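The residues making up each chain are set out below.
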Amino acid sequence: MRNRPGALLVAAAVTVATAACSSSTTGSAGSSSSASSTSASSSAPINVGMIAPLTGAFSPLGEGDEQGAELAVSQLNAAGGIDGRKVNLIIKDDKTNPTQSVIDFQALQGQDVVAVLGSSVSDSAQATAPKAEQAQIPYISLSPVDQTVNPVEPYVFLVPAITTTYATRIMQWFKSQGITKIAVGYDNTDIYTTNGYHSTVSEAPSYGVKVVDTETFQTTTTDFSTTVSHVASSGAQAFLVWATGPAPVILTKTFAGAGLAAKMKLVMTPSDATTLYTQPAGSSANGVVMAAGYGVMASSLPSSAIKTEINQLATPFAAKYGGQPSEFAADGYSGAELLFAALKKAAPSLSNTGIQSALNNLSLLTPDGEYNYTPANHSGLTPDDVAMVVVQNGAFEPTPWQKTQYGTLPG
Amino acid sequence: MRSATAVAWAGGIVAAAVTLLLPLWLSPANLTVYTLAGLYAVTAIGLSLLMGYAGQASLGQAVFFAIGAYTVAAASLHGVPTALALVAAPLLAAAVAALVGIPILRLRGHYLAFATLAFQLIVLSVISNTAFLGGGIGFAAIPSLGVNGAVLTSARGFAWLSWAVTAVAMVLALNLIRSRPGRALRALATSEAAAESAGIAVVRYKLAVFALSAGFAGFAGGIYAFFIGYLSPDSFPVELSIEFVVMAVIFGLGSVWGALLGAAGISVLVQVLNQVGTAPGMPEYMPTLLNYAAYGVTLVLIMVFLPGGLLPALRSLWARVAGRRGDPGGPVGPGQGAGGPSAVALGTALASALRLSPAKDAGEPTPEHARRQ
Amino acid sequence: MSALVDYLISGLAIGCGYALLASGFVAIFRVTEVINFAQGTLAVLGGFVASSALTSAGLPHGLAEALGVLAAGGAGLLFGWIAIGRKGTPPLASLVITLGLAVAAYAAEIAIWGDQPISYTALPGDFVLAGAHLLRQYLLVIGASLVALLGLGVFFTRTYAGKGMTACASNKFAARVVGINVRRVGLYAFGLGGLLGGLAGVLLIPIEPLSFNSDIGLAVSGFAAAIFGGLRSFEMALVGGVVLGVAEALIAGYWQASYQTVVALGLMLLLMIWQARGRMELA
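Please read these numbers as outputs of a predicted model, since none were measured by experiment.

Conventions we followed
Residues numbered from 1 in each chain as written. Chains lettered and ligands numbered in written order. Predicted model: local features only at pLDDT ≥ 70, side-chain atom pairs only at ≥ 80, totals over all residues. Helix = DSSP H or I, 4+ residues; strand = E, 2+ residues; numbered from the N terminus. Buried ≥ 20, exposed ≤ 12 C-beta atoms within 10 Å, placed from the backbone. Contact = placed C-beta atoms within 7 Å. Pairing = 2+ DSSP bridges. Axes fitted to C-alpha atoms, helices over the stretch in contact; angles between N-to-C directions. Nonpolar A, V, L, I, M, F, W, Y, C, P; charged D, E, K, R; others polar. Right-handed = clockwise from strand over helix to strand, strands pointing away. Parallel < 35°, antiparallel > 145°, perpendicular 65-115°, else oblique. Left-handed = near helix turned anticlockwise from the far one by under 90°. Core = buried A, V, L, I, M, F, W, Y, C linked by C-beta atoms within 7 Å. Expected span 1.5 Å × (residues − 1). pLDDT = per-residue confidence, 0-100.

1. Some points on the overall build of chain B
For step 1, the next point in the chain: Secondary structure assignment for chain B yields 15 helices and two strands.
For step 2, the next point in the chain: Each of the 373 residues in chain B was classed as buried or not, and the buried ones make up 58%.
For step 3, the next point in the chain: Taking contacts inside chain B between residues at least 6 apart in sequence as the whole, the part at least 24 apart equals 75%.

Structure representation (C-alpha cells):
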C-alpha cells in the first residue's frame, strides 16, 4: 500500500517521541506502590500532593487553597519539618475540571506522595476521592462534598464543614432575625450547591423557616434577571444562595440592580467568602450576609484560642499578600495543618495505614475551627465552627448576632 | 508491489509491538495519556471514516463518545453487569446515530455541520435535566469494569485495554475499506451522483457509516467511563468534538492510520506543551492557552495548506527522496493500490461531495474541482 | 403582568443581539457561501476590546465601544483573509478554518484578558414599565440593533458597494464578468460580519458577562436566528433573532432556564430539516 511507508515513518517517530516524553517527565517510571517515600535517607523530603483549581472558573478558590497550604508548609519547614524531614508540596492544577483532577491524582501517585490535599472543586472531589480510596492514599478534601464522608470512607477526610452544618448555622441566624420565609437558589450542576439546597430544606422546619421559592441555575449562567424577578414576587424575607464562581457575583449585582437589597436579605455560603467575590460585586455586596469560617473576620474576634490560631495564618498572609485570608486560604492552611499533625504522629514510618489511623483520632484547633475526627466522623466540625458575617465595603464583619455568640467560639 | 506490501505489513507489526510494550516503561501520568490517546484514536477513526467516506462534516462526534460513556455509567450504577454495559455502549450510540441520521443526513454540508453541533448541545442539555442520567452533577464512583469478580483497576491494565481496542478498531476499519461495501463507500465519497447511478443506495450507506462511526465513539466512551470513573455533561464539551476533527483531519480524512497518528500525535503534542506550560515562571493559564493554540493553529494550517492531510504530503516527500517515478502527490482517483484509498482524493472529496452544482456556484475554479463534476 | 413585560423586553433585547450576530452570518454567507463559525468570537473580541478601552485606556463610553466594533471588524477581515484568501479553498474547508480560528482565538484571548468573565456597565440604571424593572441597557441594545439593521438594508439596496456585494451573492460568475473582484468582496463581507459581531458583543456584554468560551453559545444562537431566513435574508434574521430571544426568555421565565437550549436548538434543527425537504437536491 502506497501510504504505508509514510505512515510507518510517522508512527515510529510518534512512538519514539512518546517514549522520550515519558522519560523526560519528573514522575518516576514504574508502578505506584502503596509504600510512601520511606527512603533510606532520613533527611529526604516528604512528598505531599495537592490538587487545586489554579485556572478555570474556580481559580479564585484555587489561588486561596494554594496560598494557605504553601504558608503552612513553609511554617512547618522553618520549624524543622517532620522528624527533621522537610515537606515538599507538589501542586497540580485541575483547571476546574474533574477529569483533569483524576489525571493529576494519577500523576501524583507516580511521584510517591504520602497524602493528597484534594481540589476545592466539588466535582473534582467527587471524581478523585474514590480513586484515592482505591489507592489507599489519605485524601484531605478541601471541597465541601457531603458524599465524601457519608458514608465514611477510611482514607477520605473533609476540611470544610458539610452543608448540613452550614445550613444549621444559617437557620440559627434566620431564627434570631425572626425570618420565617425564605427563597433558595442553587446551582444544580454542582454537588456542593445541590447538597446545600437539600440541607436547607431538611433543616428549615426545625427553625420555623419555610421555603417559599426555589430557583435553579447553572455554574455558567450569566443572566439572572428572571431568577431575581421570581424571588422578588415570592414574598420571601431572605434569599439564600448556594453558588460558587462568577455566578454569585452576577446574581448579587442583578439583585442589587433590581432594588431588592432594601426589601430582603441576601445570604451566601462559604464558597463566596473571598475578596474575589466582594471586589467584583463591589457596592452591590454591601449588606450581604454570609456563613463563613472565623478566619475571614479574624481582626474583629475577641482574644481567644481561635484568634491566636487564626493569626498564625492571618499575620504572615497579610504580610505576604495584603488583606485578610479568604475562606479558601483558611481551608488550605487548615487542611495542611491537619495532615501535618497526622504525619507527626505517624512518623517515622509514614505508612498509609499509619497516617490514616493518626487522622482517625485527631483533635486539632485550626483557623477553620476545632476538628474532632473519629473513625465514624470524618467531617469533624460543628455549627459553632461557622461564623455569620456581613459584607461591608469589601470586608467581612461579624453580624450583630454573631457578636452575641462569642461564648461558644471553638477552641 | 509485493515487496512493498510485505514491508508495509512488517512495519505495521513492528509499530504494533512497540506500542504494545510501551506501557511497561511509562510513568502513571503518561499511562493516562497513552490510554486516552488510544480511546481518542478509536473515535477519530470513526470520524475519519465518516468525514472521509460519507463526506459528512460532523462537529458533534463527542456526543456519541458521551452516549457510550453515559450508557456505561448509568447502567452499571443501576446494577447492570459492567461487561454488559460496555457491550451496550456502542450499540446504543449507533442506534441513536441511525435514528438521528435519518432526518439530518439529508442536510447540506454546512447545515449538517451545525446540525451535529446542535445535536450535541441538545443531548447534553437533556442529560443535564434528567435525574436518572445524573443531571447536571453527573455520575461518580462508576464501578470497575470486570467479569466474574476479576476487575480492571491498574493504570497499565487500562493502557493495554486501550491498545487492544485500538487494534481491533483499526483492523475493523481497514477491512471495511477493502471490502465491497468499502469500495461502494469510496465511490460515494468521490461523486454521489455517479455512485447513485451505479446503483448504490446513497442514503442507506451514509446512515450505515454514521452509525458505525458513532459505534466506534460509543465504545471508546464506554471505556473512558470505567477509566476515569466520573463523568458529567461538562466532560464532553464542544471543544472535544473539535479536537476529534483535528485528529481526523491532520493526516488525511479517510485514512485509518492517519486517524491513529493524528490522535497519538496530538496527545503527545499536548503533553509536551503541558511540560512547557508548567515550567517555572510561566503564568498559570499557560498550559490551557498552549492547548487551544495547538488545536486551533494546527487545524487552520492543515485546512489552508494541506486540506488533504499530512500523509499525502509526506508520501510525495518520500517519493521524491526515494527517487521514485510518478508523483503521487497530485490529485488521484479513488481506490489506488491494493486497498489504500487516496487521502488526497478523499480530502477533496469531502468538499466536492458537498458543493452545489457548478451552474449555481462558479467559485474559484481549481484543477481538482474542475476535474470533479 | 409585569413579569410578562419583563420577559418580553429582555427577550427582545437579547433577540436583537442574536439578530446582529445572525446578520453577520448572513452577510458573509451570501457573498462567500462560507459559514463563519468564528462569528461568536468576533462578538467576544469586540466586547473585550471595548472593556479594555474603558478600564485600561480610560476611554469614554461610545468611543470605547466604537473601538471594540472596529477591532472586531479588523479581526473579521483577518479571519476572512485566512479562510478564503487562498485560491481553491472550498467553502466547507473555510468553515473548518473558521472553527480553527475560533479555537486559536481562545489562546489569544486568555493571554490578553485571562479566563474569567468580563463585563462593564454601559447604560446604568433601570426604568419601570408596567411594573417591571428593566435595565436601561435593553433600550440601548434594541435601539442600536434596529439602527444597524436598518443601515444594513439601506447599504445593500442603495449603495454601489452593497449592490456589488448582492451581485456577488446571487451570481458570482456574472459579477466577475462585470468586473467585480469576488475575492475582495468576500473579504469585505467578512469585515462587515466582524463589525456586526463586534456590535453585538459590545451591546450584550453589559447584560451578560462574556468569557473566552462564550463564543459557541453566541454563534449557535446567531446561526439559529439566521436559519430563519435560510442564511440569506437580513429581514428574516431579525425576525428569527427576536423570536428566539423572546422564546428563550419566556421559557426561562415560565418554565426553567435550563430548557432554553433544547427548545432553541430543537427549533433550529426542525427548521433546517424542513427547509431541506423543500429542496430538490439532497445532501
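That was the structure; now back to the text.
2. What to know about the overall build of chain A
For step 1, the next point in the chain: Along chain A, the regular secondary structure elements total 13 helices and 14 strands.
For step 2, the next point in the chain: Considering chain A as a whole, with its 411 residues, one finds that 63% of them fall into the buried category.

3. Topic: the sheet that holds strand β1 (residues 46-52) of chain A
Residue and element names in this part refer to chain A.
For step 1, the next point in the chain: One open sheet holds the five strands; their spatial order is β2-β1-β3-β4-β5, and the pairing between them is parallel. Edge positions in the open sheet fall to β2 (87-93) and β5 (156-158), since each of these has one partner strand only. The mean inter-strand angle of the sheet, taken between neighbouring strand axes irrespective of direction, is 20 degrees.
For step 2, the next point in the chain: Contacts from helix α2 (residues 59-78) reach β1, β2 and β3 (116-118), with the element oriented near 170 degrees to β2.

4. Section: the interface of chain B and chain C
For step 1, the next point in the chain: Taken residue by residue, the interface counts 47 residues in chain B and 42 residues in chain C.
For step 2, the next point in the chain: When contributions to the side of chain B that touches chain C are tallied by element, the ones reaching two or more residues are α4 (82-104), α5 (109-128), α10 (238-250), α12 (286-305) and α14 (343-353) of chain B.
For step 3, the next point in the chain: In terms of residue class, the side of chain B that touches chain C is made up of 33 nonpolar, nine polar and five charged.

5. Thoughts on the pairing of strand β10 (residues 289-292) of chain A
For step 1, the next point in the chain: The alternating pattern of β10 of chain A places Val289 and Ala291 of chain A on one face and Met290 and Ala292 of chain A on the opposite face, and all of these are buried.
For step 2, the next point in the chain: In this fold, strand β9 (residues 265-268) of chain A hands off to helix α9 (residues 275-281) of chain A, which returns the chain to β10 of chain A; that crossover is right-handed.

6. Quick notes on the environment of Met388 of chain A
Residue and element names in this part refer to chain A.
For step 1, the next point in the chain: Turning to its location among the elements, Met388 is positioned in strand β13 (residues 387-392).
For step 2, the next point in the chain: Look at Met388 and you get buried, because 24 C-beta atoms sit within 10 Å.
For step 3, the next point in the chain: Remark: the alpha-carbon pair of Met388 and Ala107, spanning 281 residues in sequence, is separated by 39 Å.
For step 4, the next point in the chain: Those residues within four positions of Met388 in sequence are excluded, and the remaining contacts are Arg169, Trp173, Val289, Ala291, Thr399, Trp401 and Gln402.

7. Comments concerning the packing of helix α3 (residues 98-110) of chain A against helix α4 (residues 122-135) of chain A
Residue and element names in this part refer to chain A.
For step 1, the next point in the chain: Where α3 meets α4, the axes come as close as 8 Å, and the angle between the chain directions of the two elements is 30 degrees. With respect to their mutual orientation, α3 and α4 come out roughly parallel. Viewed along their axes, α3 and α4 form a crossing whose handedness is right-handed. Residues Pro98, Ser101, Val102, Phe105 and Gln109 of α3 form the contact with α4, whose own contacting residues are Asp123, Ser124, Gln126, Ala127, Thr128, Lys131, Ala132 and Ala135.

8. Remarks on the nonpolar core
For step 1, the next point in the chain: Membership of the largest hydrophobic core comes to 366 residues, with the highest contact counts inside it found for Val116 of chain A together with Ile45 and Ala118 of chain B.
For step 2, the next point in the chain: The residues touching Ala118 of chain B, leaving out its near neighbours within four places in the chain, are Val220, Leu265, Met268 and Leu269 of chain C.

9. Overview of the packing of helix α10 (residues 234-254) of chain C against helix α11 (residues 260-277) of chain C
Helix-helix packing is characterised by the crossing angle of the two axes and by the distance between the axes.
Residues and elements named next belong to chain C.
For step 1, the next point in the chain: It is at 9 Å that the axes of α10 and α11 come closest, and there the two elements cross at 150 degrees. By the criterion of interaxial angle, the relationship of α10 to α11 is roughly antiparallel. For the pair α10 and α11, the sense of crossing is right-handed. Listed contacts from α11 to Leu244, Ala247, Glu248, Ile251 and Ala252 of α10 are Gln260, Val263 and Ala264.
For step 2, the next point in the chain: Residue classes in the contact of α10 with α11 are distributed as six nonpolar, one polar and one charged.

10. Overview of helix α9 (residues 215-227) of chain C
For step 1, the next point in the chain: Spanning 13 residues, α9 of chain C covers 18 Å between terminal C-alpha atoms, matching the ideal 18 Å at 1.5 Å per step.
For step 2, the next point in the chain: For α9 of chain C, the tally of buried residues reaches 11 of 13 residues, placing the bulk of the element in the interior.
For step 3, the next point in the chain: Residues of α9 of chain C that are buried include every one of Asp215, Leu218, Ala219, Val220, Ser221, Gly222, Phe223, Ala224, Ala225, Ala226 and Ile227 of chain C, and no others.
For step 4, the next point in the chain: In this structure, the buried side of α9 of chain C is in contact with α5 of chain B together with α1 (2-32), α2 (39-55), α4 (91-113), α10 and α11 of chain C.

11. A short note on the confidence of the model for chain A
For step 1, the next point in the chain: When pLDDT is averaged along chain A, the result is 87; 90% of the residues meet or exceed 70.
For step 2, the next point in the chain: Here residues 1-13 of chain A is modelled with pLDDT under 50, and outside its nearest four sequence neighbours on either side it reaches 35 contacts, counting other chains as well.

12. Some remarks on helix α9 (residues 202-228) of chain B
For step 1, the next point in the chain: Compared with the 39 Å implied by 1.5 Å per residue over 27 residues, the 39 Å span of α9 of chain B between its first and last C-alpha is a close match.
For step 2, the next point in the chain: Gly229 of chain B sits one or two residues past α9 of chain B and shows a positive phi near 80 degrees.

13. Things to note about unusual backbone geometry
Residue and element names in this part refer to chain A.
For step 1, the next point in the chain: With an omega dihedral of 10 degrees, the bond running from Asn150 to Pro151 counts as a cis peptide bond.
For step 2, the next point in the chain: Omega for the bond connecting Ala347 with Pro348 falls within 30 degrees of zero, at 0 degrees, which places this linkage in the cis form.
For step 3, the next point in the chain: You can see Pro348 is positioned in the loop between α11 (327-346) and α12 (352-360).
For step 4, the next point in the chain: One non-glycine residue with positive phi stands out, namely Lys95, at about 55 degrees.
For step 5, the next point in the chain: Mapped onto the elements of the fold, Lys95 is located in the loop between β2 and α3.

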